[in-house]
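# An overview of the molecular structure
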Amino acid sequence: MVRRGGASCLFSSDRIGEKTWIMIKRRILDILNKTLEHCRDRGLLQVPVDFEPQVEVPKNEAHGDFATTLALNLAGPNRRSPREIASTLVEQMADGGGLFSRVEVAGPGFVNLTVSPAAWYQVLPEIQAQDQTYGRVNIGKGRCVQVEFVSANPTGPLHIGHGRGAATGDVLARILEATGHRVQREYYINDVGTQMDTLGRSVLLRYQQLLGRKLEFPDTCYQGDYIRDLARGMLELHGNSYRDTPEAEAVPVFTRHAADRILAGIREDLDLFGVHHDEWFRERSLYESGAVDRTIATLKAAGHIFEKDGALWFRSTAFGDEKDRVVVRANGLTTYFASDLAYHQNKFERGFELVINLWGADHHGYVARMQAGVMALGRKPDSLKLLLVQLVNLLRKGKPVAMSTRAGEFETLRAVLEEVGRDAARFIFLTRRSDSPLDFDLELAKEKTAENPVYYVQYAHARICSLMRLAEERHLPLEGSHLSRLNLPEELALIKELSFFPEVVENSARFLEPHRITYYLTQLASTFHSYYNHHRMIQDDTDLAQARLSLAGAVRIALRNGLELLGVSAPDKM
RNA sequence: GCGCCUGUAGCUCAGACGGAUAGAGCAACGGACUUCUAAUCCGUGGGUCGGGGGUUCGAAUCCCUCCAGGCGCGCCA
């Protein structure tokens, strides 16, 4: 059953180790900072106090593994040419234990850095050692974060748009967990208001029809077949005992029955999708506990509420909204916004330092007032992040599948899951940034070809597993000390790409963009497939075989951990 | 009308903090399985980054303006 809110930030799974970072980039930054310090101390360069060197990966590989723009950025303050500054830096730079095989000034004043193969090789054993934790980065430092997502009204089954929200929210939560945050997943149930009344009335009318009563079923009621099923449920439970009950009395009974049933169905759908919420928070509880009244009183005491035309208004314009908003109507009823204010106050009272809400893109007109509300409640505006999830265009062989809740002919999440499976659905939902519309082709999602990115990535993983099985049969060592045999450019490039994984995860968390993971995995799989097709792993030269298998093993770890973040399985064979 | 978002190859889209010659997948065309999984790989063509102006040593990225599209603008939920 649904639990009441109140559980605060009690999660204690602190599985994030400290040593979760591939060191190359960090080491480069250390060297650069030390060099700058050295130059400043000896009066060779003026360095602004909070100057931080930028290290990037050049597009052109002839420009080395990394490049820094610091000479370009220091040119202004020093009134000297960037190339001159770059030369000074390079002269003064101490090589940190043979990290670089080449350092040179190029172009307008870039310093290009090439990392020595020996330093790259160290990445592989480190990935092996970190294994399951590779990719975890502790940037959250135990910060309490709540992700509220799906939160569909219990008026019908989840459709595919909710599925996208579910996948995005769940993966976001996984990414935040992997980056040292304590995360709670929450579902907000709008169980108050006219939509719920409409639901109850819809089921009641169908119930009466089942009892043989001739009546018109209005357009304003929910049309889907599931309403008839709910009515049949009531019939089985209660026979005809509500046949002549006055509507005002019967509707709440039907509403509760319908909402409970639908919610149970929603939970099943989410379960099937591998999505689990820690907390199911009922809007009704905010009224029952007096939280809504309390929040309005708080805002009133702070001078953010005024009265006009018999209604109470929240002065959201004081916080950047374009107009003020009603919280209590002239008829005495509170608005949806009022309970939302109370809900967010409640979230902060539960101790969350960051609150993330995923909303359907059609709510975007609501963003400014909610942000205003958060500020009025005395919180920093960035303690609430509102992410908008755009529409999903459901296609079948490129042609749109009609979707309309009203007409009752929508494609449910469950139907999609049954057709294409959990892995494909999750992955495809995350192939685009959430605020851009997504085409979801059912036929493509089922295809077991290269066009389907899910299989592409999973196949790379299965392929490596298959390699390992064969290597074991032939008694080849999977680990050893022959990494220096990896001297092909594509081998070094693959190690380099592997080393970026933690940074991808980190950025994915920092910008709240799960699609970065799917992009990275697709790219990594592609690099590996290409490498595999050009070079034999298992072969007579056992030292070389061992080195290549170590590399493949590290690729497998990154693929597996990345898929794990997406909640997608990493099969051993396909 | 006001506000927010978007505009990158034929299509779908990546490109955090401004960096060197703008990328991927699909589609099109042409190739690679006696050898570790061809659910794979390789090659070819394809672009005034919506137009214009500005800031900068340097702009797809920042600013202004115009154009085109999407969404939002209730004492609804």
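To keep things clear, this report deals only with the structure shown in the data block. (Residues numbered from 1 in each chain as written. Chains lettered and ligands numbered in written order. Predicted model: local features only at pLDDT ≥ 70, side-chain atom pairs only at ≥ 80, totals over all residues. Heavy atoms only, no water.)

### Quick word on the overall build of chain A
Test applied: Helix and strand assignments follow DSSP, with helices taken as H or I runs no shorter than four residues and strands as E runs no shorter than two, numbered in order from the N terminus. It only takes one pair of heavy atoms within 4.5 Å for two residues to be counted as in contact. Here the open area of atoms and residues is found with the Shrake-Rupley method and a 1.4 Å probe, where only the protein chains shown may cover a residue. When charges are counted, Lys and Arg are positive and Asp and Glu negative, with His and the chain ends excluded. Charged side chains are reduced to one point each, which is NZ for Lys, CZ for Arg, CG for Asp and CD for Glu.
A tally of regular secondary structure across chain A gives 21 helices and 15 strands. Across its three principal directions, the C-alpha atoms of chain A cover 90 × 65 × 45 Å. A separation threshold of at least 6 residues defines the contact pool for chain A, and within that pool the share at least 24 residues apart is 74%. Counting only carbon and sulfur atoms, one obtains 48% of the accessible surface of chain A, whose full area is about 26400 Å². Of note, chain A has its 70 positive side-chain charges centred 1 Å away from the centre of its 74 negative side-chain charges.

### With respect to the sheet that holds strand S1 (residues 55-56)
To be explicit about the condition: Two strands pair under a simple rule: DSSP has to find at least two bridges between them.
Here four strands make up an open sheet; going across it, the order is S1-S2-S4-S3 and the pairing antiparallel. Only two strands of the sheet have a single neighbouring strand rather than two, namely S1 and strand S3 (100-106). Two elements, strand S2 (residues 66-68) and strand S4 (residues 110-115), share three bridges in a ladder whose sense is antiparallel. Looking at S4, one finds that Phe66 is bridged to Leu113.

### Quick notes on the nonpolar core
Note the cut-off: We define the nonpolar core as a collection of buried residues of types Ala, Val, Leu, Ile, Met, Phe, Trp, Tyr and Cys that are connected through side-chain atoms lying within 4.5 Å of one another. Exposed residues in this analysis have more than 50% of their type's maximum accessible area, buried residues have under 20%, and partly exposed residues fall in between, with area computed by a 1.4 Å probe over protein chains only.
Formed by 135 residues in total, the largest nonpolar core has its most connected members in Ile28, Ile356 and Phe440. Not counting the four nearest positions on each side in its chain, Phe440 is found in contact with Ile160, Val392, Asn393, Leu394, Leu395, Val416, Val420, Ala425, Ile428, Phe429 and Ala445. Of all hydrophobic cores here, the second largest spans 30 residues; its members include Leu286, Tyr366, Ala376 and Leu377.

### Digging into the pattern of salt bridges
As a reminder of what qualifies: Salt bridges, as used here, are contacts in which a Lys or Arg side-chain nitrogen is within 4 Å of a carboxyl oxygen on Asp or Glu.
With the rule as written, the count across this model stands at 32 salt bridges. In this structure, the salt-bridge partner of Arg426 is Asp170, at a minimum N-O distance of 2.2 Å. Here Asp170 lies in helix H6 (residues 160-178) and Arg426 lies in helix H15 (residues 422-429), a separation of 256 residues in the sequence. Of the charged contacts, one joins Arg396 and Glu419 as a salt bridge, the two residues approaching to 2.9 Å between their closest N and O atoms. Of this pair, Arg396 sits in strand S13 (residues 392-396) while Glu419 sits in helix H14 (residues 413-420), and the two are 23 residues apart along the sequence. Residue classification places Glu419 among the partly exposed residues on the basis of a relative accessible area of 25%.

### Here's the deal with helix H3 (residues 82-92)
The line we're drawing: Directions drawn from the helix axis to the C-beta atoms are what define this arc.
When H3 is considered as a whole, its buried residues turn out to be Ile85, Ala86, Thr88 and Leu89. Each buried residue of H3 lies within a common arc of 160° when the element is viewed along its axis, so the set occupies one face. Along its buried surface, H3 packs onto helix H1 (24-41), helix H2 (70-78), S3 and S4.

### Digging into the sheet that holds S13
We count it as follows: Fitting a line to C-alpha atoms yields each axis, with helices limited to the stretch in contact; the angle taken between N-to-C directions then spans 0 to 180 degrees.
Judged by pairing direction, the sheet is mixed, and its three strands sit side by side in the order S14-S13-S15 without closing on themselves. A strand with exactly one partner marks an edge of an open sheet, and here the two such strands are strand S14 (399-400) and strand S15 (438-441). Bridging between S13 and S14 involves two bridges; their strand directions are antiparallel. Paired with Leu395 across the bridge in S14 is Pro400. Where H15 meets the sheet, its contacts fall on S13 and S15, and the angle it forms with S15 comes to roughly 160°.

### Examining the packing of aromatic side chains
Any two aromatic rings considered together are summarised by their centre-to-centre distance and by the angle between their planes. Where we set the bar: In this scheme Phe, Tyr and Trp rings, the latter by its six-membered ring, pair at centre separations within 6.5 Å, and the angle between planes marks the pair as stacked below 30 degrees, edge-to-face above 60, and tilted otherwise.
Overall, the coordinates contain 19 aromatic pairs when judged by the stated rule. Measuring from ring centre to ring centre gives 6.1 Å for Tyr336 and Tyr366, while their planes differ by 70°; the resulting arrangement is edge-to-face. Here the residue Tyr336 occupies a position in helix H12 (residues 336-349), and Tyr366 occupies one in the loop between strand S11 (354-360) and helix H13 (367-376), the gap between them amounting to 30 residues. Taking relative accessible area as the criterion, Tyr336 reaches 38% and is therefore assigned partly exposed. On the basis of relative accessibility, which here comes to 13%, the residue Tyr366 falls in the buried class. Through a chain of ring-to-ring contacts, the aromatic side chains of Phe314, Phe319, Tyr336, Phe337, Trp359 and Tyr366 assemble into a single cluster.

### Focus: the pairing of strand S5 (residues 144-148)
Burial within S5 is extensive, with five of its five residues counted as buried. In S5, alternate side chains face the same way, and those of Cys144, Gln146 and Glu148 on one face and Val145 and Val147 on the other are all buried. Summarising the sheet, S5 and strand S6 (residues 182-189) pair through five bridges and their orientation is parallel. Its bridge partner being in S6, Val147 is matched across the sheet by Arg185.

### Details of the packing of H2 against H3
Just so we agree on the cut-off: Orientation categories follow fixed angle ranges, with anything under 35 degrees roughly parallel, anything over 145 roughly antiparallel, 65 to 115 roughly perpendicular, and all other angles oblique. Left-handed is the label given to a crossing in which the near helix is rotated counterclockwise from the far helix by less than a right angle, and right-handed is the label when the rotation is clockwise. All amino acids are sorted into three groups, where Ala, Val, Leu, Ile, Met, Phe, Trp, Tyr, Cys and Pro are nonpolar, Asp, Glu, Lys and Arg are charged, and the leftover types, Gly among them, are polar.
The N-to-C vectors of H2 and H3 enclose an angle of 115°; their axes lie 8 Å apart at closest approach. In terms of axis orientation, H2 runs roughly perpendicular to H3. Where H2 crosses over H3, the two elements pack in a sense that is right-handed. Residue-level contacts link Leu70, Ala71, Leu72, Leu74, Ala75 and Asn78 of H2 to Pro82, Ile85, Ala86 and Leu89 of H3. When the residues that make up the contact of H2 with H3 are grouped by side-chain class, the tally is nine nonpolar, one polar and no charged.

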